[in-house]
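Now for the letters of each chain:
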Amino acid sequence: MKNSDRRKQTIRQLMDATKELLRVKSCHAITLKDIMEQSQLSKGAIFHYVKSKDEIFAWVLEERLEAVNERFEEEVAGSLNKTFDGPMLAISRSLAGLEDSHEATNKVLLYLLGKENEPAVAEVLEHFHERSVSVSRQWITTGQRHGVIKENVNPDETAELFVLLSLGLRVRASLRPSSKSVAAKEVSDFMAGILKK
């Protein structure tokens, strides 16, 4: 097996094991020993690719963002008439998951935010924020290019606003409010109202 294939396989094992553990444990409760046992990888194999469990958590967080972006791109590519609704539906579905306090990436994000003073974690969080804004900006400019998003929408400012809204949904999910005055559906409708021609 090539080194690149081995790397991909090992990272996949680490991520799958970590996501499985996140279904039943908090980030704080998960140990590297747990990840070793769940992934069936040795300590040496794990430390060949990561320095800490926080790196694996960061991969889980980034994987979800890339999966949402991939669904968006598939909707854009599959829409022959280049409509607004298909790609926006892909985004709306992703927002709904942000309201679930048990969703793995919500757990991971809150855990990492609690460790933002550690330089490696701060770097991961900064990268995640920048990538989130970049992906949102790309969605907006794609819509503008296809003539389904208003030309006067500022992609930079609007992307930042949408990332702030999604982060707010994630944090609120952890607070477990008794009633949700604004749900993901309303956030999605608000976003669509800003964008749609």
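- Where an unreviewed UniProt entry is consulted, the protein chain appears under the name TetR family transcriptional regulator, with the organism given as Paenibacillus phytohabitans.

## A look at the UniProt feature "DNA-binding region" (unreviewed entry) in the protein chain
- Under the present numbering, the feature "DNA-binding region" (unreviewed entry) in UniProt falls on residues 31-50.
- Helix makes up 75% of residues 31-50 and strand makes up 0%, while its end C-alpha atoms are separated by 14 Å.

## Brief notes about the nonpolar core
- Of all hydrophobic cores here, the largest spans 52 residues; its most connected members are Leu22, Trp59, Leu95 and Leu112.
- Contributing elements (two or more residues each) for this core: α1 (3-22), α3 (43-49), α4 (53-78), α5 (85-97), α6 (104-113), α7 (119-145), α8 (155-175) and α9 (184-195).
- Considering each element in turn, this core owes the most residues, 10 residues, to α4.
- Residues contacting Leu112, with those up to four places away along its chain left out, are Asp54, Ala58, Leu61, Val121, Val124 and Leu125.

## As for helix α2 (residues 32-39)
- Every buried residue of α2 is listed here: Asp34, Ile35 and Ser39. All buried residues of α2 lie within an arc of 115 degrees about the axis, which places them on one face of the element. Residues of α2 that are exposed and point over 90 degrees away from its buried face: Lys33 and Glu37.
- Residues of α2 that are buried sit in contact with α1, α3 and α4.
- Directly after α2, the chain includes Gln40, whose backbone phi takes a positive value near 60 degrees.

## Some details on the packing of α5 against α9
- Viewed as axis vectors pointing N to C, α5 and α9 meet at an angle of 150 degrees, and their least axial separation amounts to 9 Å. One way to sum up the angle between α5 and α9 is to call them roughly antiparallel. The two elements α5 and α9 meet at a crossing, and its hand is right-handed. Facing Met88, Ile91, Ser92, Leu95 and Ala96 of α5, the residues of α9 in contact are Ala184, Val187, Ser188, Met191 and Ala192.

## Some details on the pattern of salt bridges
- Counted according to the given criterion, the structure contains 14 salt bridges.
- A salt bridge links Asp54 to Lys115; the nearest nitrogen and oxygen atoms lie 2.7 Å apart. Of this pair, Asp54 sits in helix α4 while Lys115 sits in the loop between α6 and α7, and the two are 61 residues apart along the sequence.
- Overall, the relative accessible area of 9% leaves Asp54 in the buried class.
- Lys185 serves as the salt-bridge partner of Asp189, at 2.8 Å between the closest nitrogen and oxygen.

Conventions used here
- Residues numbered from 1 in each chain as written.
- Predicted model: local features only at pLDDT ≥ 70, side-chain atom pairs only at ≥ 80, totals over all residues.
- Heavy atoms only, no water.
- UniProt positions renumbered as here; feature names shortened; annotations may be inferred.
- Helix = DSSP H or I, 4+ residues; strand = E, 2+ residues; numbered from the N terminus.
- Core = buried A, V, L, I, M, F, W, Y, C linked by side-chain atoms within 4.5 Å.
- Buried < 20%, exposed > 50% of the residue type's maximum accessible area, 1.4 Å probe, protein only.
- Contact = heavy atoms within 4.5 Å.
- Arc of directions from axis to C-beta.
- Axes fitted to C-alpha atoms, helices over the stretch in contact; angles between N-to-C directions.
- Parallel < 35°, antiparallel > 145°, perpendicular 65-115°, else oblique.
- Left-handed = near helix turned anticlockwise from the far one by under 90°.
- Salt bridge = Lys/Arg side-chain N within 4 Å of Asp/Glu carboxyl O.

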